[in-house]
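Coordinate analysis (summary)
Spelled out, the chains give:
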Amino acid sequence: MRAMNTQRRIVYCHCAYAQVVPADVKQDVLRRLTESGTSFDAVADLCEMAARRDPWLEGVACQGPTQIVACYPRAVKWLFSSAGAPLPEHGIRILNMRTEAAEAIAAALETAEDVDA
Amino acid sequence: MSAPLARSLRVVLYEGVGSRSIADADRFAMMTTLLQGGYAVTSVRTGSRTAPEGARTPIVVLGRFEHTPPREAESDSAAAPVFFRDIEGVDAPAIASIVESVHAEAGTRRPGGWKPWFPVIDFGRCTNCMQCLTFCLFDVYGVSPDKQIRVQNPSNCKTDCPACSRVCPEVAILFPKYKMGPINGDEVREEDIHREKMKVDISALLGGDIYAALRTRSQESKQRFARERDDKRALEERRRCLTKLQEQLDIPPEVLAALPSLDQIRAKTERAVAAAIQRQTPAGTEQQ
Ligand code: SF4
Ligand code: SF4
C-alpha cells in the first residue's frame, strides 16, 4: 500500500462491541493501515469512549487535522459532541466503513483533500 | 452526557528510534487482538505523527527494544506511569497477556463489559421539545442547567432499543450501532422525517393524556391524571400500546418485559407533567 497522508493524524475505530461495520471492511482497513508505514491511533470502540467521556477524545478534537475512520459522519460528529469534545468545523475528515469499501477508504487516506465533518 | 471518568490503559506499539520493526503480519495480529480485547492502541512508526495523548492515562509501550528499557517511568506531562515491555519473540496472544498484567498492575479500568448502546442527540436538528425525556421510561434523558435536553444516564438505556428515536419529531436521536438509517447516523432525507414521525399514542402508554393536559393546563385536566382508572382497562390498554410499540418501534421483547409498573409510569408522568407545566407557567422558574 502507498504511504498514507501523514499531514493528518489517523484515528481508526474497530467498532469492537457490535457487528455494524462489516468485519471484512474493518479488517482490511486495519491491515492496510498496519502495512502503510504510517503511525496511527486505533481505538476499540468510539461509542464506548464517548459514553464514558474519555478525555482522549478531546485531544483528538483539539489537535489539528485528523482523519477518523469509523462510520457515518453525523454519528461520529455528535458522539464527540456528546463526550464534551466537539470536533472542529474544519480539518476533520470522517471516512465511513459502513458504506465504503476498504479500497476506497485507503485511497481517501492517501489524499490530502479536505472533507470536513 | 455524564458518566464516570475512569483511567484506561493505552497501548503503544513502538517501532521508532531504538526499537526494531515488527513484521506486517505480526503487527496486524497484535493490533487485532488488543482491539478485540477493548484496548486502544497507537502504532508508532518512525517519521509520522499520531494523535496527541491528551489524557492522563497510564501507557504501556511495547517494542523490540535495542537496549533494555526501564520497566516503568513517569510521563512528563501528566504524572501517569509509562510501562515498557520488550516483545522480542512474543506472539499476539502472549502480547494480550502482557497487557493484561500491566492493566492489573496499573489498576486501570477493565475494557469492555458493556455494549455501548445509548442515544446520541444531533443538536443540529433537536428543537429541545423534551418528548424524548417524557417518553423514556428509564431516565436516560435529563436537562442541563441551561435547560437543554441531554443524555444523562447512557448506561440506563436498554440495549438494542431504539424506541425514543422513533418518537423524536425531528429525527434528531441517533443510535450509531443501529442497523438502519437515519437512526444510525445516515443522512436524514425528507421522506425519513415523515416515516420516523410515528404518531404513537404514548400518552395512552403512560396512562394519561399528557399533551392535552399541557395545552389546557386546566385543573380538570390535571385531575384526570390523578383519578383512579379501572385497572383491568388500563392494563389492557397498556398491553395494546406495548404491542403496537414493539411492532412499530423495534423494541426488543426483553425491554418490554423490563418496563416499569403502571404505578411507576404514572408517577413518572406526573413528574414530567409538573415539570412541563412549570416550564410553561409565566411565573415558573424554568420558563423558556
Ligand atoms: S463510532 Fe461508529 S464505527 Fe465506531 S464504535 Fe461507534 S458505531 Fe462503531
Ligand atoms: S424529542 Fe428530539 S427534538 Fe425533542 S428534545 Fe428529544 S431529541 Fe430534541
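For clarity, every value in this text was computed on a predicted model and none was experimentally measured. (Residues numbered from 1 in each chain as written. Chains lettered and ligands numbered in written order. Predicted model: local features only at pLDDT ≥ 70, side-chain atom pairs only at ≥ 80, totals over all residues. Heavy atoms only, no water.)

1. Considerations on the site of ligand 2
The test is simple: Proximity is defined per residue: if any heavy atom of the residue lies within 4 Å of a molecule or strand, that residue is considered near it. For this scheme, ten residues count as nonpolar: Ala, Val, Leu, Ile, Met, Phe, Trp, Tyr, Cys and Pro. Four count as charged, namely Asp, Glu, Lys and Arg, and the remainder, Gly too, count as polar.
Neighbouring residues of ligand 2: Cys126, Thr127, Asn128, Cys129, Met130, Gln131, Cys132, Ile149, Cys168, Pro169, Glu170 and Ile173 of chain B. Classifying every residue of the shell around ligand 2 by side-chain character gives eight nonpolar, three polar and one charged.

2. What to know about helix α1 (residues 23-34) of chain A
Quick reminder of the rule: Secondary structure elements follow DSSP: runs of H or I of four or more residues count as helices, runs of E of two or more count as strands, with numbering from the N terminus. For a helix, the expected span equals 1.5 Å multiplied by the number of residues minus one. Relative accessibility decides the category of a residue: with a 1.4 Å probe and only protein chains considered, values under 20% of the type maximum give buried, values over 50% give exposed, and everything between is partly exposed. Here, two residues are considered to be in contact whenever any of their heavy atoms come within 4.5 Å of each other.
With twelve residues, α1 of chain A extends 16 Å between its outermost C-alpha atoms, agreeing within 8% with the 16 Å of an ideal straight helix rising 1.5 Å per residue. For α1 of chain A, the full list of buried residues reads Val25, Lys26, Val29, Leu30, Arg32, Leu33 and Thr34 of chain A. Its buried side turned inward, α1 of chain A meets β1 (9-13), β2 (40-43), β3 (66-70) and α5 (102-110) of chain A together with α1 (24-36) and β3 (40-45) of chain B.

3. As for the packing of aromatic side chains
Residues and elements named next belong to chain B. To keep things clear, this is the line we draw: Aromatic contacts are taken between Phe, Tyr and Trp rings whose centres are within 6.5 Å, Trp giving its six-membered ring; a plane angle under 30 degrees counts as stacked, one over 60 as edge-to-face, and the others as tilted.
Tallying each qualifying case throughout the model produces five aromatic pairs over all chains. Residues tryptophan 114 and phenylalanine 118 carry aromatic rings whose centres are separated by 6.1 Å and whose planes lie at 20° to one another, so their mutual orientation is stacked. Residue classification places tryptophan 114 among the partly exposed positions, given a relative accessible area of 26%. Ring centres of tryptophan 117 and tyrosine 178 lie 6.4 Å apart, and the angle between their planes is 65°; on these two criteria the pair is classed as edge-to-face. Note that tryptophan 117 is positioned in the loop between α2 (92-106) and β7 (120-121) and tyrosine 178 in the loop between β10 (173-174) and α5 (190-196), a separation of 61 residues in sequence. When sorted by exposure, tryptophan 117 lands in the same class as tyrosine 178, which is buried. In textbook terms, an aromatic cluster arises when at least three aromatic residues are bridged by ring pairs, as seen for Trp117, Phe175 and Tyr178.

4. Describing the site of ligand 1
Looking at ligand 1, the residues that line it are Cys13, Cys15, Val21, Asp45, Leu46, Cys47, Ala70, Cys71 and Leu79 of chain A together with Pro176 and Lys177 of chain B. More than one chain reaches ligand 1: its neighbouring residues belong to chains A and B.

5. Concerning the pairing of strand β1 (residues 10-15) of chain B
Residues and elements named next belong to chain B. Worth spelling out the cut-off: Strand pairing requires that DSSP identify at least two bridges connecting the strands.
Within β1, five of the six residues are buried, which leaves it mostly tucked inside the rest of the structure. Note: β1 against β3, six bridges, orientation parallel. Each residue of the ladder has a partner; that of glutamate 15, found in β3, is arginine 45. Across five bridges, β1 lies against strand β4 (residues 59-65) in parallel orientation.

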